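Geometric and topological summary
So the chains spell out like this:
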Amino acid sequence: MQNPYIPYPVIVDKIITEVDTKDIKTFRFKFVNPEDEQKYAYIPGQFGELSIYGKGESPIGIASSPTQKGYVEFTVQKAGVVTSALHEMEEGMMMGIRGPLGNSWPLEFLEGKNIVIVGGGFAFTTLRSLINYMIYGDNRKRFGNITVIYGARNPGLLLYKDELIEWQKRDDLNINVTVDKGDATWKGREGFVPAVCKEVAPSKENAVAVICGPPVMIRFTLPVFFELGFSKENIITSLEMRMKCGIGKCGRCNVGSKYVCKDGPVFTLAELDKLTPEY
Amino acid sequence: MEKRLIKKDALAGIAKKMAGDLLVWAPVKKEDNVLFAPLGSGDEPFFAYLNSKNAPKNVFFPHTETLMKFTRTPKGMVFSSETNQAAQSVLFGVRPCDAHSFVLLDKLFDQEKYKDGYYIEKRKSTTVISLACVKPPYATCFCTSVDGEPVSAEGADILLTDIGGDYLAEFITEKGEKLAKYFGETKADAAADTKKSEIATKAKESIASKIPAHEIKPILDVNFDNPFWNTIHGKCLACGTCTYMCPTCHCFDISDEVKGSDGVRIRSWDSCMFPLFTKETSGHNPRSSQKERWRQRAMHKFKYYVDMFNAIACVGCGRCVMSCPVNIDIRKVVEDISKL
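Every chain is numbered on its own, with residues counted from 1 as its sequence reads. Written order determines the labels here, with chains lettered from A and ligands numbered from 1. Local features are withheld for residues below a pLDDT of 70 in this predicted model, meaning they are given only at 70 or higher, and side-chain atom pairs are given and counted only at 80 or more; totals for whole chains, interfaces and linings count all residues. Only hydrogens and water are set aside when side-chain values are computed; all heavy atoms of the structure are taken into account.

Moving on: the sheet that holds strand β15 (residues 266-268) of chain A. Residue and element names in this part refer to chain A. Here a strand pair is declared whenever DSSP counts at least two bridges between the two strands. Labels follow the DSSP assignment, with helices taken as runs of H or I lasting at least four residues and strands as runs of E lasting at least two, numbered in each case from the N terminus. The strand order across the open sheet formed by seven strands is β10-β9-β8-β7-β11-β12-β15, and the pairing between neighbours is mixed. A strand with exactly one partner marks an edge of an open sheet, and here the two such strands are β10 (189-190) and β15. Those strands touched by helix α4 (residues 125-134) are β7 (114-120), β8 (146-152) and β11 (207-212), and its axis lies near 150 degrees from that of β7. A contact between two residues is defined here by any heavy atoms of the two lying within 4.5 Å. Axis definition: a line fitted to C-alpha atoms, over the contacting stretch in the case of helices. Angles run 0 to 180 degrees between N-to-C directions.

Listed below in structure tokens is the structure:
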């Protein structure tokens, strides 16, 4: 039996500084023991505990897609003790990852439907995993129209800039990238995410909205989707809470009777309505 | 079921003999308290106790426990070893309420999907010997309100009941039977059984403190926002004593400690009563005041645990009632909730 508290050993294979402020980086990890990659089989929307011995662990959503073989990626903002230590890491160094943890984006439920993805700021990471999963090879046929609305405060804070350009070239993806305020070189859209959602006005027909972002974005985006006629069963989001064990035992991430770490982090709005508003 | 009689004054000798072969946790007097501790040579077990100051859950779930070790290399700190050791042990003479708590903790630590090997290994390698409460020890005991009884074999491998001059020893499980050799050869007769049932009934009836623990679940289901929650926490000091004393509280923290080139990852008891427990790096705290924390504690015991495992996470030992420095009484909280 695998001890769920023991991390898989990994090597920091690549570090990509994502934003101008340099406080958000993507870390690509390779498994020290190749057989661990299979044990770490994950689904978009799941998370892992990044484990730096001597510092501790931090629960972070998985940013790569399971279709990307040979490695696993996490995009991390420098914030507390563990993430600060992580940002000091260099390529070639060793650490650990636990997981995959939590439920995931409900892929079976999403199949055959039109998918609207709305992301704001740094919360785009597991949505990126989902997008890369859905557009990979034959996977694309299993989903209807895919509309992406992604916003950041300014162009320098957009994550995955190269991928955004590649995605925009595809004719089977409707990509809408927006910034709150552009700069001299920005030629794209300007405006807040809720306003862009209103403008793009995705149809509710056979559609599911997957929304992740800062609370203020969520607060103003949800009414737009309600107005468009999306039901609460068809709006999906992901929660964050302080966590330690990640397996429903240490007792801090529960929202009512549900543990965000093991029963979440993904919930539909209809499910969230049944939970106590304590997150 | 194997049943034997042992002379009352022989019990301490049995525990001491066992301690020669196995790791025996028994109640011992330490200053003004009675605590469960590993019985060393020369230690005298104290079975005439009321209940131990602390719940004996630390036998399976220690205050601090090393989960793994790691060591420094040129490429960073790396994992060096797993540290899950469990010696063959006996928990000798626990009260039935505390034995009941192990059954409740099993539900959490021994789930189908995520098994907590550290807890499970200790649990598996420990034989639990319960010592029935023929007289309820405290006025604050309320086990009968939360699915317990003062004379109960729940959670026990062996149950000892004082039936006058003798203890009736009942070997409940196979694990318990393996220790039968320590308990002499005197078989118990039907008269001992009758006596035990009489004592059990009497003991149960003498638990005077009763709370409507089962009635409040449907009330809690619909009263998350009730202003009542403003009324409990006012005097709470957030000291966490209630959760440390509680036999069923199981929340923990995981942290790393480094000394030189080596380090350990440990888990330690934590408490939902502490502000930092849920505080996130961003500063956001989903349970932002003691009101939310108290609601969490009450809800977790009488609603969330019932939702998750169909069991109330309280065994009625009364330790939180006796230990709270500002006299917050869970019995009154439950009583008040039942009137909402």
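We are not done yet, so read on.
Attention shifts here to the packing of aromatic side chains. Here a Phe, Tyr or Trp ring, Trp counted by its six-membered ring, pairs with any other such ring whose centre lies within 6.5 Å, and the pair is stacked when the planes are under 30 degrees apart, edge-to-face when over 60, and tilted otherwise. All told, the structure shown has 27 aromatic pairs over all chains when counted by the stated rule. Where Phe124 of chain A meets Tyr160 of chain A, the ring centres are 6.3 Å apart and the plane angle is 40 degrees; that geometry is what we call tilted. On the criterion of sequence distance, the pair formed by Phe124 of chain A in the loop between β7 and α4 and Tyr160 of chain A in the loop between β8 and α5 (161-169) is long-range, its members being 36 residues apart. Put simply, the rings of Tyr5 of chain A together with Phe60, Phe61, Phe102, Phe109, Tyr118, Tyr119, Tyr244, Phe252, Trp269 and Phe274 of chain B touch in pairs and so form one group of aromatic residues. By the criterion adopted, a ring carries a charge over it if an Arg CZ or a Lys NZ lies within 6 Å of its centre and within 35 degrees of its normal. When the ring centre of Phe60 of chain B is taken as origin, the NZ or CZ atom of Arg123 of chain B, which lies over that ring, is 5.3 Å away. The ring of Phe224 of chain B carries the charged tip of Arg295 of chain B above its face, separated from the ring centre by 3.6 Å.

Working definition: with a 1.4 Å probe on protein chains only, accessible area under 20% of the residue-type maximum means buried, over 50% means exposed, and in between means partly exposed. Along α4 of chain A, ten of the ten residues are buried, which leaves the element largely enclosed by surrounding structure. Restricting attention to buried positions, one finds in α4 of chain A the residues Thr125, Thr126, Leu127, Arg128, Ser129, Leu130, Ile131, Asn132, Tyr133 and Met134 of chain A.

With that settled, consider the domain arrangement of chain A. Residue and element names in this part refer to chain A. What the domain assignment lists for chain A is domain 1 (8-101) and domain 2 (107-238). Here the limits of each domain have been adopted from an automatic or database domain assignment. Each of domain 1 and domain 2 has a C-alpha centre, and the two are 24 Å apart. Counting from both sides, the interface comprises 22 residues of domain 1 and, opposite them, 17 residues of domain 2. Once two parts are put together, the accessible area they lose, assessed with a 1.4 Å probe and summed over both, is termed the buried area. Both sides of the domain 1 and domain 2 interface together cover about 1,500 Å² of buried area, and 60% of this is carbon and sulfur.

Moving on, we get to the pairing of strand β9 (residues 166-171) of chain B. All names here are of chain B. In terms of burial, β9 is a largely internal element, six of the six residues being buried. Burial along β9 is two-sided: Asp166, Leu168 and Glu170 facing one way and Tyr167, Ala169 and Phe171 facing the other are all buried. The sheet contact formed by strand β1 (residues 2-7) and β9 spans six bridges and is antiparallel. By the bridge assignment for β9, Arg4 is matched with Ala169. Of the strand pairs in this sheet, strand β8 (residues 158-162) and β9 are connected by five bridges, and their pairing is antiparallel. Bridging across to β9, Ile158 finds its partner in Phe171.

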